[in-house]
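In case you want the letters, here they are:
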Amino acid sequence: MKVKVEVRGLQLPGARPGAAVEAAYEYADFDLPEQELFLPGHGLCASCTIGVIARHMLKVLGPDTIVVNPTGCAEVSTVTYPRTNWAVPWIHVAFGNGGSVASGIEAAIKVLKRRGVIDPNRKINVVVFAGDGGTADIGFQALSGMLERRHRVIYVMYDNEGYMNTGIQRSGTTPLFASATTSPAGKKIPGNLTHKKPMALIAAAHGIPYSATANPAYLPDMLEKFRKAAEIDGPSFIHVLQSCQPGWRFEPKYAIKVLELATETGYWVNYEIEDGKFRITVTVPRRKPVECFLKLQGRFKHLGKEEIAFLQKVIDEDVKRLNEMAGGEFIGPLDPEAKC
Amino acid sequence: MTLQLELGKVRQKRIALTGNHAVALAAKMARVEVIAAYPITPQTPAVERLAEFVNNGELDAEYIPVEGEHSALSAVVGASAMGARVFTATSSQGLGFMYEILPIAVGLRLPVVMGIATRAYSAPINVWGDYSDVMSMRELGWIIYMVSNVQEAFDTTIQAFRVGEDPSVHLPVAVAYDGFWISHVLQPLEVPEDEEDVMRYAPITRSWRKLDVDNPASLGAVGTPEWYFEIRYAAYKALEDSIKVVLEADALYGKMFGRSYGLGSGYKLEDADVAIVTYGSIYGLARKAVDALRAEGIRAGALKIRLLRPWPADFLRRRLDGVDKVVVVDRAFNHGGLVGPVATELAATLARPIYSAYATIGMRATDSAALKKAAERVAKGEVEPMRPFNIGLRGP
Ligand SMILES: Cc1ncc(C[n+]2csc(CCOP(=O)(O)OP(=O)(O)O)c2C)c(N)n1
Ligand code: SF4
Ligand SMILES: [Mg+2]
């Protein structure tokens, strides 16, 4: 279907009129509104899946959505004065405060509705769109406070497993043994020595109504999770894996492939925790070896057999634990013979 | 018992409050809509009182009990961007914890109002009132008031909303009041009987609203070298020009409520040979010192600075150009600098050497006798200009 991109509102004050995009392009037949709220013409790298996540997130959440975007790749690549790629209200304040800025916005909406400034029947979504650094590290406290205080905020963490904006430094979600510029593959130490923080479980431990993981390569599952989060009367958290070509070092054409392999190997399990109930939402009958996921990426190319075997063991254990939580073998056994 | 007064056109009553409770009452009477705060001595009773107002249904606001000051300021920045009237308050370590967001509130042009019950910075940890916190935020673009008593703290907090929210200003405003010597001291003050009068003085216009789903805009963009200068200059200029709005708002407040303060005030400066310049609660001590000096035949005067930012240069020149010797009693160190923080700027303003003293550091007690002695030393030429000396420091 050919679709004309519709542009709502204006860009930043001072922008050239009509500078907002007028374009037509193909897009697949999803059950989604045609209206584009995340506009083309951004500065994200070729094949960056931040755009895929942001675009679909807004298609689900709709125009009555306010985006809080902490510092990071998404922010710097989409709003450079006087241009913007966001056709919804958008705010960037700093790196470590997505949760608290959103708390203030949500609180303001509540009181302005009571005081008759905003129509009390109008549902306005407040969404934080933050990187792994802005969420799991420097913004962890603000996130925790926001969840604990029960603000009606949808927190979407796009996880490219490192501080990509500042040049691929490690973060609290960088996987074991990945080479990053502050955890380089060295002669003595083989890259990052820490495990990925399970942010969706940590968020769920706050007792929030909805927490999930998602993967843009499994689009309907991801969309469904945005939809659920939008319907909830309280905080929700969605941890989305996001492939990053310069950071992970794969060929740009593999941006979706590498995400598929993340799930097919059990490295990334798509699940949700709704009112305390844990459910694996994308089942994998037989798992491919983790090597399939690793070998596409330069950040793991220094790994020898021993490290790969260790990583496989870590994944086997993670999968076992998640299956136990779900009460069944939703992620199947390792198939060592599987083709990548 | 409360006493009815007809001041200006507005009915007022006389009550007694601490500085913290007066500031909280002012924010309540200005009908703030979102409050986010984190407790710290000596600010704590201010934010506790606001929580009581909200939880007792006396103030229809959202109170966000955030998990730290970085979040406190971040939350009110978000709420202000939505067009809400907002308030927060803090002291020293809390202000330090907020620091990253202080210049952002300026760049985003949001009229956040913040009370600062002033306090020394650690280390050593010291919960008492000096001005090292306030002095550390001078260059960031906030309007900064320094008040001298509970009444002025109340009145200035109400003025702060009108000034910061003025469409030609749209800047955050800090109202600093001495930790303990104002924040915790019970003083009589007059407050309006009817909140409506405060709302007439400072109506919520929402002219600063930035986030609106019917009119989407992006706020907080990357400002490249091609744009940053202009955008930041606009905030710089707005602060400089806000002095007119500060004066207008103060004059209107005077008309309606019968009290106004200007950019500062002077005491017996007209024929003075030596002037004690200071800020905050110790201005009363300075005036007492002036009387004592005059009794001994030294023609002394005193001046207090009410507005730290924008710096009221013309006002200071007018009041002090004719005074031979000017000594600034600074209440925060200017570590590694030439003279005290305010002394540095006043010397530049008057374009001549002045005298600089440090007092009340970490809330070291002082009194009018100590200030008198300091001015006497200056008058008699016992201390050098542009070389700081200390009031009340033990040791050699
Ligand atoms: C307080 C603060 N510290 C450091 C930085 C520098 N910085 C900007 S973005 C960033 C990393 C962002 O990482 P992440 O949140 O994962 O987003 P990504 O860039 O990967 O999309 C860093 C370290 C900053 N802007 N603010
Ligand atoms: S560095 Fe990575 S995350 Fe950042 S824009 Fe490029 S691909 Fe996207
Ligand atoms: Mg990242």
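Trainee: Where do I start with the site of ligand 2 in this structure?
Mentor: Taken together, the residues surrounding ligand 2 are Leu44, Cys45, Cys48, Ile50, Cys73, Asn160, Met164, Gln242, Cys244, Gln245 and Pro246 of chain A. Class assignment of the residues belonging to the shell around ligand 2 gives a composition of eight nonpolar, three polar and no charged.

Trainee: Help me understand the coordination of the magnesium ion (ligand 3) in this model?
Mentor: Six octahedral donors around a metal ideally subtend angles of 90 or 180 degrees, whereas four tetrahedral donors ideally subtend 109.5 degrees. Residue and element names in this part refer to chain A. Every protein donor of the magnesium ion (ligand 3) is accounted for by Asp132 (OD), Asn160 (OD1) and Gly162 (O), and the metal-donor separations fall at 2.0 to 2.1 Å. Judged by its relative accessible area of 3%, Asn160 falls in the buried class. For Gly162, a relative accessible area of 4% translates into the label buried.

Trainee: What exactly am I supposed to notice about the site of ligand 1 here?
Mentor: Gly133, Gly134, Tyr158, Gly162 and Asn165 of chain A are the nearest of the 17 residues found near ligand 1. At the site occupied by ligand 1, nearby residues are drawn from chains A and B. Asp132 of chain A places a side-chain nitrogen or oxygen 3.0 Å from an oxygen atom of ligand 1. Separating an oxygen atom of ligand 1 from a backbone N or O atom of Gly133 of chain A is a distance of 2.8 Å. Contact with the protein chains removes 77% of the 590 Å² of surface that ligand 1 exposes when unbound. Per-element accounting of the shell around ligand 1 gives the leading share, three residues, to helix α4 (residues 132-137) of chain A. Residue composition of the shell around ligand 1, grouped by class: six nonpolar, nine polar and two charged.

Trainee: Explain helix α11 (residues 313-320) of chain B here, please?
Mentor: Each turn of an α-helix holds 3.6 residues, which means side chains three or four residues apart point in the same direction. All names here are of chain B. Listing the buried residues of α11 in full gives Ala313, Phe315, Leu316 and Leu320. Down the axis of α11, the buried side of the element spans an arc of 165°, and every buried residue falls inside it. For α11, the exposed residues lying more than 90 degrees away from the buried face are Asp314 and Arg318. Where α11 is buried, its residues touch β11 (264-267), β12 (274-278), β13 (300-305), β15 (325-330) and α12 (341-350).

Trainee: Looking at this structure, I do not really get the side chain of Glu345 of chain B. What am I missing?
Mentor: Tracing the chain through its elements places Glu345 of chain B in helix α12. The residues contacting Glu345 of chain B, other than those within four sequence positions of it, are Arg138, Arg309 and Trp311 of chain B.

Trainee: Honestly, the packing of helix α1 (residues 50-61) of chain A against helix α7 (residues 219-231) of chain A in this entry has me stumped. Any pointers?
Mentor: Helix-helix packing: each pair is described by the crossing angle between the helix axes and the interaxial distance. Residues and elements named next belong to chain A. At a minimum axis separation of 9 Å, α1 and α7 run at an interaxial angle of 45°. Between α1 and α7, the angle falls in the class oblique. Read as a crossing pair, α1 and α7 show a hand that is right-handed. Here α1 contributes Val52, Ile53, His56, Met57, Val60 and Leu61 to the contact with α7, which in turn contributes Leu219, Met222, Leu223, Phe226, Arg227 and Ala230. Here the residues of the contact of α1 with α7 are counted per class, giving ten nonpolar, one polar and one charged.

Trainee: Just checking my understanding: could you explain the sheet that holds strand β3 (residues 65-68) of chain A for this structure?
Mentor: The pairing of strands in a sheet happens through backbone hydrogen bonds and is either parallel or antiparallel. Pairing within the open sheet is mixed, and its nine strands lie in the order β12(A)-β11(A)-β9(A)-β10(A)-β8(A)-β7(A)-β3(A)-β6(A)-β10(B). Unpaired on one side and paired on the other, β12 (277-280) of chain A together with β10 (218-219) of chain B mark the two borders of the sheet. Against the sheet, α7 of chain A touches β7 (125-131), β8 (154-159), β9 (210-214), β10 (236-241), β11 (271-274) and β12 of chain A, its axis set at about 160° to β9 of chain A. Of the strands in this sheet, β11 and β12 of chain A touch helix α11 (residues 305-326) of chain A, which is tilted by about 125° from β12 of chain A.

Trainee: Would you take a moment to explain empty space enclosed by the protein for this structure?
Mentor: To find leftover empty space, one rolls a probe the size of a water molecule over the atoms. Residue and element names in this part refer to chain A. Taken as a whole, this structure holds two cavities of 30 Å³ or more when the rule is applied. Together, Glu161, Gly162, Met164, Ile168, Gln169, Thr174, Ala178, Ser179, Ala180, Gly247, Trp248 and Arg299 line the largest cavity. Partitioned by chemical class, the residues of the lining of the largest cavity number five nonpolar, five polar and two charged.

Trainee: How should the pattern of salt bridges be read in this particular structure?
Mentor: Note that side chains of opposite charge can pair when their charged atoms are close. Taken as a whole and assessed by the stated rule, the structure comprises 52 salt bridges over all chains. With a closest N to O distance of 3.1 Å, Glu33 of chain B and Arg115 of chain A form a salt bridge. One end of the pair, Glu33 of chain B, is in the loop between α1 (19-29) and β3 (34-36); the other, Arg115 of chain A, is in the loop between α3 (98-114) and β7, on a second chain. The exposure class of Glu33 of chain B is buried, given its relative accessible area of 0%. Here Arg299 of chain B makes a salt bridge to Asp273 of chain B, at a shortest N to O gap of 3.3 Å.

Trainee: Would you mind going over the interface of chain B and chain A with me for this structure?
Mentor: It is common to report an interface's size as the accessible area lost on association of the parts. Taken together, the 45 residues of chain B in the interface contact 49 residues of chain A. Between chain B and chain A lies a buried interface of about 3,500 Å² when both sides are counted; carbon and sulfur atoms form 62% of it. Linking chain B with chain A are seven salt bridges, by the criterion used here. Between Asp60 of chain B and Arg115 of chain A there is a salt bridge; the shortest N-O distance is 3.9 Å. Between the two partners, chain B and chain A, sit 18 residue pairs in polar contact (both at pLDDT 80 or more). Within the residue set of the side of chain B that touches chain A, elements represented by two or more residues are β4 (62-64), α3 (69-81) and β10 of chain B. Residues that form the side of chain B that touches chain A fall into these classes: 27 nonpolar, eight polar and ten charged. Pairing geometry for strand β6 (residues 90-91) of chain A and β10 of chain B, over two bridges, is parallel. Looking across to β10 of chain B, one finds that Ile91 of chain A is bridged to Leu219 of chain B.

Trainee: Whenever I open this one, the confidence of the model for chain A confuses me. Can you help?
Mentor: The predicted coordinates of low-pLDDT regions are not to be read in fine detail. Scored by pLDDT, chain A has a mean of 92; 91% of the residues are at 70 or more. β8 of chain A holds the highest mean pLDDT among the elements of chain A, 99, whereas strand β2 (residues 24-26) of chain A holds the lowest, 33.

Trainee: When you look at the packing of α11 of chain B against α12 of chain B in this model, what are you seeing that I'm missing?
Mentor: Residues and elements named next belong to chain B. Contact pair α11 / α12: the axes reach a minimum separation of 10 Å and the direction vectors enclose 70°. The angle between the axes of α11 and α12 places the two elements in the roughly perpendicular class. Judged by residue contacts, Ala313, Leu316, Arg317 and Leu320 of α11 engage Leu346, Thr349 and Leu350 from α12. Partitioned by chemical class, the residues of the contact of α11 with α12 number five nonpolar, one polar and one charged.

Trainee: Is there a simple way to think about the confidence of the model for chain B in this case?
Mentor: Residue and element names in this part refer to chain B. Averaged over chain B, the pLDDT score is 97; the fraction of residues at 70 or greater is 98%. Contacts of residues 1-7 to residues separated by more than four positions or lying in other chains number 20 contacts, the stretch itself having pLDDT below 50. Both scores are available for the predicted complex, with the pTM at 0.95 and the ipTM at 0.97.

Trainee: Explain the sheet that holds β15 of chain B here, please?
Mentor: Residues and elements named next belong to chain B. An order of β11-β13-β12-β15-β16-β17 is seen for the six strands of this open sheet, with the pairing classed as mixed. A single partner strand is all that each edge strand has here, and the edge strands are β11 and β17 (389-390). Examined bridge by bridge, β11 and β13 share four bridges and lie antiparallel to one another. Looking at the pairing, Gly264 lines up with Ile305 of β13. Sitting on the sheet, helix α13 (residues 368-379) is in contact with β12, β15, β16 (355-358) and β17, with an inclination near 135° to β12.

Basis of the calculations
Residues numbered from 1 in each chain as written. Chains lettered and ligands numbered in written order. Predicted model: local features only at pLDDT ≥ 70, side-chain atom pairs only at ≥ 80, totals over all residues. Heavy atoms only, no water. Near = heavy atom within 4 Å. Nonpolar A, V, L, I, M, F, W, Y, C, P; charged D, E, K, R; others polar. Donors = N, O, S within 2.8 Å, 3.2 Å for Na, K, Ca; no water. Buried < 20%, exposed > 50% of the residue type's maximum accessible area, 1.4 Å probe, protein only. Polar contact = N/O pair within 3.5 Å; in protein donor to acceptor, adjacent residues only side chain to side chain. Areas by Shrake-Rupley, 256 points an atom, 1.4 Å probe, with all protein chains shown as cover. Helix = DSSP H or I, 4+ residues; strand = E, 2+ residues; numbered from the N terminus. Arc of directions from axis to C-beta. Contact = heavy atoms within 4.5 Å. Axes fitted to C-alpha atoms, helices over the stretch in contact; angles between N-to-C directions. Parallel < 35°, antiparallel > 145°, perpendicular 65-115°, else oblique. Left-handed = near helix turned anticlockwise from the far one by under 90°. Pairing = 2+ DSSP bridges. 1 Å grid on protein atoms, 1.4 Å probe; cavity = no way out; pocket = protein on both sides within 12 Å on 5 of 7 lines; lining within 4 Å. Points joined across faces, edges and corners; volume = space filled by probe spheres on them. Salt bridge = Lys/Arg side-chain N within 4 Å of Asp/Glu carboxyl O. Buried area = accessible area lost by both parts, 1.4 Å probe. pLDDT = per-residue confidence, 0-100.

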